[in-house]
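The lines below spell out each chain.
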Amino acid sequence: MSETDGFPKRRNCEIRKDKMMLKITFKYADALSNWQWRQQTCIVSTVEECKRIYGLGIDCEYEIISIEEV
(Lines give C-alpha, C1' and ligand atoms only; values in the text may rest on other atoms or scores of the structure.)
Protein backbone atom coordinates (compact mmCIF):
# COMPACT_ATOMS: atom_id res chain seq x y z
CA MET A 1 0.00 0.00 0.00
CA SER A 2 1.05 3.53 -0.63
CA GLU A 3 1.73 5.44 2.55
CA THR A 4 0.03 8.56 1.24
CA ASP A 5 -3.39 7.41 0.07
CA GLY A 6 -4.07 4.12 1.84
CA PHE A 7 -4.69 2.26 -1.42
CA PRO A 8 -2.48 -0.39 -3.01
CA LYS A 9 -0.25 0.89 -5.77
CA ARG A 10 -1.59 0.02 -9.20
CA ARG A 11 0.70 -1.66 -11.66
CA ASN A 12 0.47 -1.72 -15.45
CA CYS A 13 -2.15 1.03 -15.49
CA GLU A 14 -0.41 3.30 -17.95
CA ILE A 15 -2.39 4.24 -21.02
CA ARG A 16 -0.50 2.74 -23.90
CA LYS A 17 -0.46 4.99 -26.92
CA ASP A 18 0.33 2.07 -29.23
CA LYS A 19 -2.84 0.18 -28.31
CA MET A 20 -6.03 1.17 -30.09
CA MET A 21 -9.05 1.83 -27.89
CA LEU A 22 -12.61 1.29 -29.06
CA LYS A 23 -15.72 3.21 -28.09
CA ILE A 24 -18.46 0.60 -28.27
CA THR A 25 -22.11 1.58 -28.10
CA PHE A 26 -24.56 -1.24 -27.50
CA LYS A 27 -28.08 -1.84 -26.30
CA TYR A 28 -29.22 -4.62 -24.01
CA ALA A 29 -32.36 -6.00 -22.41
CA ASP A 30 -32.40 -8.13 -19.27
CA ALA A 31 -34.62 -9.08 -16.35
CA LEU A 32 -33.40 -6.10 -14.30
CA SER A 33 -34.58 -3.71 -17.02
CA ASN A 34 -37.86 -5.64 -17.28
CA TRP A 35 -36.74 -6.66 -20.77
CA GLN A 36 -36.78 -3.05 -21.96
CA TRP A 37 -33.87 -2.01 -24.16
CA ARG A 38 -31.21 0.20 -22.52
CA GLN A 39 -28.25 1.83 -24.26
CA GLN A 40 -24.69 1.85 -22.88
CA THR A 41 -21.23 2.92 -24.07
CA CYS A 42 -17.86 1.56 -23.04
CA ILE A 43 -14.28 2.34 -24.01
CA VAL A 44 -12.09 -0.76 -24.07
CA SER A 45 -9.39 -2.36 -26.19
CA THR A 46 -11.54 -5.17 -27.67
CA VAL A 47 -15.17 -6.06 -28.24
CA GLU A 48 -14.63 -9.25 -26.22
CA GLU A 49 -13.46 -7.17 -23.26
CA CYS A 50 -16.68 -5.13 -23.42
CA LYS A 51 -18.77 -8.31 -23.54
CA ARG A 52 -16.90 -9.74 -20.55
CA ILE A 53 -17.13 -6.56 -18.43
CA TYR A 54 -20.85 -6.02 -19.06
CA GLY A 55 -21.81 -9.72 -19.17
CA LEU A 56 -23.28 -9.39 -22.64
CA GLY A 57 -24.88 -12.61 -23.79
CA ILE A 58 -25.23 -13.95 -20.23
CA ASP A 59 -28.90 -13.73 -19.20
CA CYS A 60 -29.49 -10.81 -21.56
CA GLU A 61 -30.06 -9.93 -25.17
CA TYR A 62 -27.74 -7.37 -26.73
CA GLU A 63 -26.96 -5.64 -29.99
CA ILE A 64 -23.79 -3.69 -30.79
CA ILE A 65 -24.82 -0.40 -32.37
CA SER A 66 -21.45 1.12 -33.24
CA ILE A 67 -17.69 0.73 -32.81
CA GLU A 68 -15.39 3.73 -33.16
CA GLU A 69 -11.63 4.09 -32.70
CA VAL A 70 -10.74 6.64 -30.02
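Conventions used here
Residues numbered from 1 in each chain as written. Predicted model: local features only at pLDDT ≥ 70, side-chain atom pairs only at ≥ 80, totals over all residues. Heavy atoms only, no water. Helix = DSSP H or I, 4+ residues; strand = E, 2+ residues; numbered from the N terminus. Buried < 20%, exposed > 50% of the residue type's maximum accessible area, 1.4 Å probe, protein only. Disulfide = S-S within 2.5 Å. Phe/Tyr/Trp six-rings, centres within 6.5 Å; stacked < 30°, edge-to-face > 60°. Salt bridge = Lys/Arg side-chain N within 4 Å of Asp/Glu carboxyl O. Pairing = 2+ DSSP bridges. Axes fitted to C-alpha atoms, helices over the stretch in contact; angles between N-to-C directions.

If you had to explain the environment of Ala31 to someone new, which residues and values would you point to?
Mapped onto the elements, Ala31 comes out in the loop between strand S1 (22-30) and strand S2 (38-44). Judged by relative accessible area, which is 55%, Ala31 ranks as exposed. Separated by 28 residues in sequence, Ala31 and Asp59 have C-alpha atoms that sit 7.9 Å apart.

Which residues make up the state of the cysteines, and what values do they have?
Taken as a whole, this structure holds one disulfide when the rule is applied. Between the sulfur atoms of Cys42 and its disulfide mate Cys50 the distance is 2.5 Å. Between Cys42 and Cys50 the sulfur-sulfur dihedral comes to about -120°; the bridge is accordingly left-handed. With respect to burial, Cys42 and Cys50 carry one shared label: buried.

Account for the packing of aromatic side chains, naming residues and giving values.
As enumerated under the stated definition, the model contains two aromatic pairs in all. By way of ring pairs, the aromatic residues Phe26, Tyr28 and Tyr54 are connected into one cluster.

Describe the pattern of salt bridges, listing the residues and the values that go with them.
Scanning all chains against the criterion turns up two salt bridges. Note that Glu63 is salt-bridged to Lys27, the shortest N-O span being 3.9 Å. Placement of Glu63 in strand S3 (residues 60-69) and of Lys27 in strand S1 is noted, with a sequence separation of 36 residues between them. With a closest N to O distance of 3.5 Å, Glu48 and Lys51 form a salt bridge. Of this pair, Glu48 and Lys51 both sit in helix H1 (residues 47-54), three residues apart, which is roughly one turn of that helix.

Describe the sheet that holds S1, listing the residues and the values that go with them.
Spatially, the three strands line up as an open sheet ordered S2-S1-S3, and their pairing is antiparallel. A single partner strand is all that each edge strand has here, and the edge strands are S2 and S3. Between one strand axis and the next, the sheet turns by 25° as a mean value, whatever way the strands run. Bridge count for S1 against S2 is seven bridges, and the pairing is antiparallel. Along S2, the bridge assignment pairs Thr25 with Thr41.

So yeah, pure geometry; function would need other evidence.
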